[in-house]
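# Report on the structure
The primary structure of each chain is shown beneath.
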Amino acid sequence: MTVVVARAPAKVNVHLAVGPLRPDGFHELRTVFLAVSLLDTVTARPGDGLALTVTGEGAGAARGADRVPTDRRNLVWRAAELLATSAGVSADATIEIAKSIPAAAGLAGGSADAAAALVALDALWGTRAGREDLVALAARLGSDVPFSLLGGVALGTGRGEQLTPVLSRTRWHWVLGIAGEGLSTPAVYGELDRLRAAGRVPDGQELAAAEPVVAALRSGPPEALAAALGNDLQAPALALRPELARALRAADEAGAAAALVSGSGPTVAALAQDEQDAVRITAELAGAGVFRTVRAVYGPVPGARLVG
Ligand code: C5P
């Protein structure tokens, strides 16, 4: 095989309940993931050792947490090494990541790339790992990587890596407002711990139930989903990035059914009534001047898979 192409989606957490810090440095989660139609593409070709290039979001001039590395710090590099080691093959591939999902945005862009790389390299190297093996490798790479493989809608527990698929036949339309500068996920979790220690937010001993959001995702209407959305990381993201309050207000003023911070932020996910409403909200938010990029998306969409 000379070239293999795989794609994987971004995600929005429509429910994200965060428990206390565990001894292993992670937080117990009860989350509902929704895969949305913003996709990164990973192309793998035969190579001598590993070589990685990045185009699109986070390439070249980007700085800080938004900058996507092209060495071992990139989760794709680690995915390649992990798959090669577990399959007993040598890690030879030239990999190109074409990014549409911004980095450090709370959209699991790096996890999407790792999931797409696992699928692409499994095909390129003929390792025939099987879906279950790939999911196990994914969980070792990061908490969100198993969901990036699975896609659709899923309830996530543990640190987010233990997944139960959720059936949803409804197509949900969202508008993503992407900020100019990313937020570090560990920093946002750390801020949550600080807010809790100071008694400024609930302590996380009681994780909010996921059932209301799961029921609303299944059958709608958008008002029911709007009322059920929730994210415990929103308060710490707002504490670290006060401008986010304005961004959330802009989504509200644009007539979104609801708006919340996606994952650890700083992306704002605004729920639309339907596709037409999403187009309208996109135009309003693009004119509001609070986001670097505004993208209309829908979900659920499938997880990482080969294309072409
Ligand atoms: O699993 P992943 O590498 O994506 O996690 C990045 C960081 O986010 C962790 O090192 C941890 O600080 C934080 N995290 C957490 N609890 C989770 C998932 C992530 O505290 N359930």
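Residues numbered from 1 in each chain as written. Predicted model: local features only at pLDDT ≥ 70, side-chain atom pairs only at ≥ 80, totals over all residues. Heavy atoms only, no water.

In terms of nonpolar packing, the biggest core is built from 70 residues, with Val14, Ile95, Leu121, Trp174, Leu225 and Leu229 touching the most fellow members. A per-element tally of this core places helix 2 (residues 109-125) first, with 12 residues. Here Ile95 is in contact with Val42, Thr43, Leu50, Ala51, Leu52, Thr53, Val76, Ala80 and Leu121, once residues within four sequence places are set aside. If you look at the next biggest cluster of nonpolar residues, it comprises 28 residues, including Ala247, Val261, Ile281 and Leu285. (Core = buried A, V, L, I, M, F, W, Y, C linked by side-chain atoms within 4.5 Å. Buried < 20%, exposed > 50% of the residue type's maximum accessible area, 1.4 Å probe, protein only. Helix = DSSP H or I, 4+ residues; strand = E, 2+ residues; numbered from the N terminus. Contact = heavy atoms within 4.5 Å.)

In this fold, Asp113 is placed in helix 2. Under the relative-accessibility criterion, Asp113 is labelled buried at 2%. When sequence neighbours within four positions are dropped, the list of residues in contact with Asp113 reads Asp40, Val42, Val76, Ile97 and Lys99.

Moving on, we get to the environment of Glu132. With respect to the helices and strands, Glu132 occurs in helix 3 (residues 130-141). Each C-alpha atom, one on Glu132 and one on Glu211, is 26 Å from the other, the two residues being 79 residues apart in sequence.

In this section: the pattern of salt bridges. A side chain of one charge can pair with a side chain of the opposite charge if their charged atoms are brought near each other. Taken as a whole, this structure holds 11 salt bridges when the rule is applied. Note that Arg194 and Glu191 form a salt bridge whose closest N and O atoms lie 3.1 Å from each other. Residue Arg194 and its partner Glu191 are both found in helix 5 (residues 185-197); the two are separated by 3 residues, about one turn of the helix. On the basis of relative accessibility, which here comes to 52%, the residue Arg194 falls in the exposed class. A relative accessible area of 13% places Glu191 in the buried class. Across the salt bridge formed by Arg280 and Asp277, the nearest N and O atoms sit 2.8 Å from each other. Of this pair, Arg280 and Asp277 both sit in helix 10 (residues 275-288), 3 residues apart, which is roughly one turn of the helix. Judged by relative accessible area, which is 35%, Arg280 ranks as partly exposed. Each of the salt bridges in this network shares a partner with another, and the network as a whole consists of Arg22, Asp24 and Glu28. (Salt bridge = Lys/Arg side-chain N within 4 Å of Asp/Glu carboxyl O.)

Moving on to the site of the ligand. In the vicinity of the ligand, the contacting residues are Gly25, Phe26, His27, Leu29, Gly142, Ser143, Arg159, Thr185, Pro186 and Tyr189. His27 is positioned with one of its side-chain polar atoms (N or O) 2.6 Å from an oxygen atom of the ligand. Between the ligand and the protein, one listed contact pairs an oxygen atom with a side-chain N or O atom of Ser143 at 2.6 Å. Burial of the ligand by the protein amounts to 73% of the accessible area it has alone, namely 450 Å². If you list the elements that add at least two residues to the shell around the ligand, you get strand 2 (27-45) and helix 5. Residues belonging to the shell around the ligand are distributed by class as follows: 4 nonpolar, 5 polar and 1 charged. (Near = heavy atom within 4 Å. Polar contact = N/O pair within 3.5 Å; in protein donor to acceptor, adjacent residues only side chain to side chain. Areas by Shrake-Rupley, 256 points an atom, 1.4 Å probe, with all protein chains shown as cover. Nonpolar A, V, L, I, M, F, W, Y, C, P; charged D, E, K, R; others polar.)

Another point: the packing of helix 1 (residues 75-87) against helix 3. Packing of helix 1 against helix 3 brings their axes to within 10 Å, and their N-to-C directions diverge by 135 degrees. Relative to helix 3, the element helix 1 lies oblique. Where helix 1 crosses over helix 3, the two elements pack in a sense that is right-handed. Every residue of helix 3 that contacts helix 1 at Leu75, Arg78, Ala79, Leu82, Leu83 and Ser86 is listed here: Leu134, Leu137, Arg140 and Leu141. Taken together, the residues of the contact of helix 1 with helix 3 sort by class into 7 nonpolar, 1 polar and 2 charged. (Axes fitted to C-alpha atoms, helices over the stretch in contact; angles between N-to-C directions. Parallel < 35°, antiparallel > 145°, perpendicular 65-115°, else oblique. Left-handed = near helix turned anticlockwise from the far one by under 90°.)

The next subject is the pairing of strand 10 (residues 268-271). Every second residue of strand 10 is oriented toward a common face, with Val268 and Ala270 on one face and Ala269 and Leu271 on the other, all of them buried. Of the pairings in the sheet, the one linking strand 7 (residues 172-178) to strand 10 comprises 4 bridges and is antiparallel in character. In the sheet register, Trp174 faces strand 10, and the bridge partner there is Leu271. Between the antiparallel neighbours strand 9 (residues 258-261) and strand 10 lie 6 residues, among them Gly263 with a positive phi of about 55 degrees. (Pairing = 2+ DSSP bridges.)

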